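Okay, here's what each chain looks like letter by letter:
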Amino acid sequence: MSAQHSERQAYFESMYRSDADPYGIRTRWYEQRKRAALLASLPMKRYENAFEPACGVGELTADLAERCRVVLASDFNPVAVAAAKQRTAHLLNVCVEQHALPQDWPKRDAPFDLIVISEIGYFLNEQELREVAALSLSRLTDGGTLVACHWRNDFAQRTLPTDDVHAALGDGLTSIVVHTEADFLLQVWTRHGQSVAEQEGIR
């Protein structure tokens, strides 16, 4: 285990020891609104097989379950995994596992037609990010959707700028949604690059 990985693990363990929902995912309007923006940006009404690493306490996971036949969610913090399992216990189409990226990327469950990478990329180092980007690209179906959403402002534990994270994740794909706010950047990519109107034959 690298020193950086150990520091990251210690940071999250400290966060979750002090508060079961350290980012206010369940209570802050900011987080509720951001989830709504992400869900509205998805170009497909329904997905077959979704992967959501860094699921935290599972609020977005529960929302994704309404749009997906199967959702595999994961987090590398055991407290977050337990919270996400409790949050989604009633959802038979959700599986929550403990993973650390990129080494635990769930290759057996691929391919995915939806991959959601939210609030994790800036904790990775450059090599880890390259691996996650390559895995996302190789494990995404031809008609699949890759979504990334990340905080834009600086903080002590950040290792990479959000713009760099999104540039790496989108390499090899076509951007169809870019939503930029003072606080977060939300982007959506596909292989085909078709808009929702194009997919439905409106234009």
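Scroll up for the structure.
Please read all numbers here as calculations on a predicted model, not as lab measurements.

The next thing to look at is the overall build of the chain. Along its length, the chain carries seven helices and seven strands. Taken from N to C terminus, the helices and strands of the chain fall in the order α-α-β-α-β-α-β-β-α-β-α-β-β-α. In terms of overall dimensions, the chain is globule-like: its C-alpha atoms have a radius of gyration of 16 Å, near the 17 Å expected for 203 residues. The dimensions of the chain, computed from C-alpha atoms along their principal axes, are 50 × 35 × 35 Å. Taken over 203 residues, the chain has a buried fraction of 50%. Sequence separation of 24 or more characterises 65% of the internal contacts of the chain that already satisfy a separation of 6 or more. With an accessible surface of roughly 9800 Å², the chain has 50% of that area assigned to carbon and sulfur atoms.

Right, let's talk about the packing of aromatic side chains for a bit. Counted under the stated rule, the structure contains seven aromatic pairs. Considering the side-chain rings of Tyr122 and Phe123, the 5.0 Å spacing of their centres and the 70° angle between planes classify their relative orientation as edge-to-face. Since its relative accessible area comes to 7%, Phe123 is described here as buried. Aromatic side chains Phe123 and Phe155 sit 5.7 Å apart centroid to centroid with 70° between the ring planes, which places their arrangement in the edge-to-face category. Note that Phe123 is positioned in the loop between β4 (112-118) and α5 (126-138) and Phe155 in the loop between β5 (140-151) and α6 (162-169), a separation of 32 residues in sequence. Members of the aromatic cluster, joined through ring pairs, are Tyr30, Trp151 and Phe184.

Now for the side chain of Arg158. You can see Arg158 is positioned in the loop between β5 and α6. Owing to a relative accessible area of 15%, Arg158 belongs among the buried residues under this scheme. Within polar-contact distance, the side chain of Arg158 engages the backbone oxygen of Asn153 at 2.9 Å. For Arg158, the side chain forms a polar contact with the side chain of Thr162, separated by 3.2 Å.

Let us look at the pairing of strand β3 (residues 94-98). In terms of strand pairing, strand β2 (residues 68-75) meets β3 through five bridges, oriented parallel. Across the sheet, Val71 pairs through a bridge with Val94, a residue of β3. Handedness of the β-α-β unit built from β2, helix α4 (residues 78-87) and β3 comes out right-handed.

Definitions and limits used
Residues numbered from 1 in each chain as written. Predicted model: local features only at pLDDT ≥ 70, side-chain atom pairs only at ≥ 80, totals over all residues. Heavy atoms only, no water. Helix = DSSP H or I, 4+ residues; strand = E, 2+ residues; numbered from the N terminus. Rg over C-alpha atoms; globule rule 2.2 N^0.38 Å. Buried < 20%, exposed > 50% of the residue type's maximum accessible area, 1.4 Å probe, protein only. Contact = heavy atoms within 4.5 Å. Areas by Shrake-Rupley, 256 points an atom, 1.4 Å probe, with all protein chains shown as cover. Phe/Tyr/Trp six-rings, centres within 6.5 Å; stacked < 30°, edge-to-face > 60°. Polar contact = N/O pair within 3.5 Å; in protein donor to acceptor, adjacent residues only side chain to side chain. Pairing = 2+ DSSP bridges. Right-handed = clockwise from strand over helix to strand, strands pointing away.

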